[in-house]
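The lines below spell out each chain.
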Amino acid sequence: VPSASLPRMLEALVAALKDDGVLFVSNAHGFGKDQEGWTRGRTPSTRSYVCWLSEETWSSYCRAAGLELLESFYRPPNKPKDQQPFLATVWRKPTGCIDSG
């Protein structure tokens, strides 16, 4: 999802959650940097659009959408951090959260 679309996408997810509902997200992260744009795809003839965000940036988008962080961890487990390309986060929609949509 392009970063420009993240606020709208997260607002829609929050609106779909019940009060105290939980959202689990696992996404490739930017190893401390925000990186966005086209890269080589999984095969030589393809390209992929990526939006790799730092943990701080990703968290700020989710908090702005009204979510509360319950847990975060890097995956796969039992690897050095430079070999953990995925950030997993668990968020909760607080009771009484006003949907902005």
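Our subject is the structure that appears above.
As the structure is a computational prediction, the values presented were derived from the model and not from experiment.

Novice: Give me the pairing of strand E3 (residues 47-52): which residues, what numbers.
Specialist: If a strand is regular, its side chains alternate between the two faces of the sheet. Sheet topology places strand E2 (residues 35-40) next to E3; 6 bridges connect them, and they run antiparallel. In the strand pairing of E3, glycine 37 is matched with valine 50. Linkage of E2 to E3, two consecutive antiparallel strands, is achieved through a turn of 6 residues.

Novice: Please provide a residue-by-residue account of the environment of lysine 93, values included.
Specialist: Along the chain, lysine 93 turns up in the segment after strand E5 (86-92). For lysine 93, a relative accessible area of 3% puts it in the buried group. When the C-alpha atoms of lysine 93 and glutamate 36 are compared, they prove to be 27 Å apart, with 57 residues separating the residues in sequence. In terms of polar contacts, lysine 93 uses its side chain to reach the backbone carbonyl oxygen of leucine 17, at 2.9 Å.

Novice: How would you summarise the layout of surface pockets if you had to cite specific residues and measurements?
Specialist: Volume-wise, the largest pocket comes out at about 200 Å³. What lines the largest pocket is simply Val1, Leu6, Val25, Ser26, Asn27, Ala28, Tyr49, Val50, Cys51, Trp52, Leu53 and Trp58. Only strand E1 (22-28) and E3 provide two or more residues apiece to the lining of the largest pocket. Looking at the lining of the largest pocket, its residues break down into 10 nonpolar, 2 polar and no charged.

Novice: Just give me the short version of the sheet that holds strand E4 (residues 68-75), but keep the residues and values in it.
Specialist: A sheet is described by the order of its strands in space; here 3 strands give the open sequence E1-E5-E4, paired in antiparallel fashion. Each edge of the open sheet is held by one strand with a lone partner, namely E1 and E4. With strand direction ignored, the average angle separating the axes of adjacent strands in the sheet is 15°. Of the pairings in the sheet, the one linking E4 to E5 comprises 7 bridges and is antiparallel in character. Paired with phenylalanine 73 across the two strands is alanine 88, which belongs to E5. Along the sheet, helix H2 (residues 55-64) contacts E1, E4 and E5; its crossing angle with E5, the most-contacted strand, is approximately 25°.

Novice: Can you explain the packing of aromatic side chains? Please cite residues and give values.
Specialist: If you walk through the whole model with that rule in mind, you get 1 aromatic pair. Note on tryptophan 38 and tyrosine 49: the rings are 5.4 Å apart at their centroids and 80° apart in plane angle, and the pair reads as edge-to-face. A residue pair is termed long-range when its members are at least 10 positions apart, and tryptophan 38 in strand E2 and tyrosine 49 in strand E3 qualify at 11 residues.

Novice: Now, about unusual backbone geometry: what can you tell me, with residues and values included?
Specialist: Each neighbour pair has its own omega, and for arginine 75 with proline 76 the value is -5°, a cis peptide bond. Here proline 76 shows up in the loop between E4 and E5. The backbone of aspartate 20 sits at a positive phi, close to 65°, despite the residue not being glycine. Secondary-structure assignment places aspartate 20 in the loop between helix H1 (6-16) and E1. Of note in this structure, phenylalanine 31 is not a glycine but carries a positive phi near 50°. Relative to the helices and strands, phenylalanine 31 resides in the loop between E1 and E2.

Calculation notes
Residues numbered from 1 in each chain as written. Predicted model: local features only at pLDDT ≥ 70, side-chain atom pairs only at ≥ 80, totals over all residues. Heavy atoms only, no water. Pairing = 2+ DSSP bridges. Helix = DSSP H or I, 4+ residues; strand = E, 2+ residues; numbered from the N terminus. Buried < 20%, exposed > 50% of the residue type's maximum accessible area, 1.4 Å probe, protein only. Polar contact = N/O pair within 3.5 Å; in protein donor to acceptor, adjacent residues only side chain to side chain. 1 Å grid on protein atoms, 1.4 Å probe; cavity = no way out; pocket = protein on both sides within 12 Å on 5 of 7 lines; lining within 4 Å. Points joined across faces, edges and corners; volume = space filled by probe spheres on them. Nonpolar A, V, L, I, M, F, W, Y, C, P; charged D, E, K, R; others polar. Axes fitted to C-alpha atoms, helices over the stretch in contact; angles between N-to-C directions. Contact = heavy atoms within 4.5 Å. Phe/Tyr/Trp six-rings, centres within 6.5 Å; stacked < 30°, edge-to-face > 60°.

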